[in-house]
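Take a look at the letters that make up each chain.
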Amino acid sequence: MKLNIAGIQNDSIVDGPGIRYAIFVQGCPHHCEGCHNPETWEFGTGRDVTLDEIIEKIKQDPLLDGVTYSGGEPFTQAKALCELTDRIRAEFPKLTVMSYTGFTLEQLLERGNAENCFTELLKRLDYLVDGPFILAQKSYELKFKGSANQRFLDVQRTLKEGKPVLYQDDWDNIEIKLV
Ligand code: SF4
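Here the residue numbers are simple positions, counted from 1 along each chain's written sequence. The predicted nature of this model means local features are confined to residues of pLDDT at least 70 and side-chain atom pairs, given and counted, to a pLDDT of 80 or more, with totals for whole chains, interfaces and linings taken over all residues. To get the side-chain values, all heavy atoms of the structure are used, and hydrogens and water are removed first.

Asker: How should I be thinking about the environment of Leu 51 in this particular structure?
Answerer: Note on conventions: DSSP H or I runs of at least 4 residues are helices, E runs of at least 2 residues are strands, and numbering of each starts at the N terminus. Here Leu 51 lies in helix H1 (residues 51-59). As a C-alpha pair, Leu 51 and Gln 107 span 56 residues in sequence and 27 Å in three-dimensional space.

Asker: So what exactly am I meant to see when it comes to the site of the ligand here?
Answerer: By convention in these notes, a residue is near a molecule or strand provided one of its non-hydrogen atoms lies within 4 Å of it. All residues adjacent to the ligand are Cys 28, His 30, His 31, Cys 32, Cys 35, Trp 41, Gly 71, Gly 72, Gly 102 and Phe 133. Each residue is assigned to one class: nonpolar for Ala, Val, Leu, Ile, Met, Phe, Trp, Tyr, Cys and Pro, charged for Asp, Glu, Lys and Arg, and polar for all the others, Gly among them. Considered class by class, the residues forming the shell around the ligand number five nonpolar, five polar and no charged.

Asker: What am I meant to see in the environment of Gln 9 here?
Answerer: By the element assignment, Gln 9 lies in strand S1 (residues 2-12). If we ignore the near neighbours within four places in the chain, the residues touching Gln 9 are Arg 20, Tyr 21, Ala 22 and Phe 24. Only heavy atoms enter the contact rule, under which two residues are in contact if any of them lie within 4.5 Å.

Asker: Explain the packing of H1 against helix H2 (residues 78-91) here, please?
Answerer: Orientation is described by axes fitted as lines to C-alpha atoms, over the contacting stretch for helices, and by angles from 0 to 180 degrees between their N-to-C directions. Look at H1 against H2: their axes get within 11 Å of each other, and the N-to-C directions meet at 35°. The handedness of the crossing between H1 and H2 comes out as right-handed. On the side of H1, the interface is formed by Leu 51, Asp 52, Ile 54, Ile 55, Ile 58 and Lys 59, while H2 contributes Ala 80, Glu 83, Leu 84, Arg 87, Ile 88 and Glu 91. Residues of the contact of H1 with H2, tallied by class, amount to seven nonpolar, no polar and five charged. Crossings are sorted by hand: turned counterclockwise from the far helix by less than a right angle, the near helix makes the crossing left-handed, and turned clockwise it makes it right-handed.

Asker: Help me out: how do you make sense of the nonpolar core in this one?
Answerer: Side chains of nonpolar character tend, in soluble globular proteins, to be buried together. We call a set of buried Ala, Val, Leu, Ile, Met, Phe, Trp, Tyr and Cys residues a nonpolar core when their side-chain atoms join them within 4.5 Å. The buried label goes to any residue with under 20% of its type's maximum accessible area, the exposed label to any with over 50%, and the partly exposed label to all in between, with areas taken from a 1.4 Å probe on protein chains only. Within the largest apolar cluster, 34 residues are counted, with the highest numbers of intra-cluster contacts made by Leu 3, Tyr 69, Leu 84 and Ile 88. Secondary structure elements with two or more residues in this core: S1, strand S2 (20-25), H1, strand S4 (66-70), H2, helix H3 (105-111) and helix H4 (118-124). The element best represented in this core is H2, accounting for six residues. Filtering out sequence-adjacent residues up to four positions away, Leu 3 remains in contact with Ile 23, Arg 47, Asp 48, Val 49, Leu 51, Ile 54, Gln 77, Ala 80, Leu 81 and Leu 84. Core analysis: the second largest hydrophobic core is formed by seven residues, Met 98, Tyr 100, Val 129 and Tyr 167 among them.

Asker: How should the pattern of salt bridges be read in this particular structure?
Answerer: Salt-bridge detection follows one rule: a side-chain nitrogen of Lys or Arg within 4 Å of a carboxyl oxygen of Asp or Glu. Enumeration according to the criterion identifies 11 salt bridges in this entry. Among the ionic pairs, Asp 126 bridges to Arg 89, the shortest N-O distance being 2.9 Å. Of this pair, Asp 126 sits in the loop between H4 and strand S6 (127-130) while Arg 89 is found in helix H2, placing the two residues 37 residues apart along the sequence. In this structure Arg 89 comes out as partly exposed when scored by relative accessible area, which is 29%. Notably, a salt bridge pairs Lys 123 with Glu 120, separated by 3.1 Å at the nearest N-O pair. On the criterion of helical spacing, the pair formed by Lys 123 and Glu 120 is a turn pair, its members being three residues apart in helix H4. What emerges from the salt-bridge pattern is a single network uniting Asp 52, Glu 56, Lys 59, Arg 87 and Glu 91.

Worth remembering: the numbers are spatial, not functional.
Here it is as structure tokens:
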């Protein structure tokens with residue numbers, strides 16, 4: 001199976017917690033005003049990569065804490081990302097997997113079906129940053145998010161508790177003692 005991607009960022013520290021392998025998929029239906037990556041909007045115009053190629057790259061980087069799907073809109077290629085996530089879980093069990101999306105969590109749950117695999121991908125994730133980028137709510141103070149409407153969700157707790165549960169970044173709570 002293949003993914004059509006706009007690009008890859010190795011060792012990213014801005015696309016989620018820790019050091020991450022960030023995959024930017026090609027194609028986005030949301031067209032948010034002020035989007036940083038408008039070149040990722042058009043579908044099918046990126047580079048095709050096989051899941052084998054991606055797995056091989058991840059294998060070569062022992063420093064990684066996780067893998068992030070960004071874009072573009074990752075859920076438009078949810079089927080391939082489900083398969084990729086299964087392979088990451090099997091081969092690199094210590095890595096976390098998260099995704100950005102311009103859909104809200106509620107939209108993904110409402111619209112998910114067997115064809116688009118929205119729910120299937122959601123079920124496989126550790127974290128989700130949801131919602132469109134809203135220029136009027138843009139802030140540089142937000143960690144791993146572009147605008148204040150977006151939520152950094154703990155997906156497994158969200159699905160278990162049946163309500164949106166925000167991810168608590170442990171690193172925010174580490175006390176640094178000066179000696
Ligand atoms: S969802 Fe992301 S990639 Fe798509 S238009 Fe909005 S900001 Fe850009």
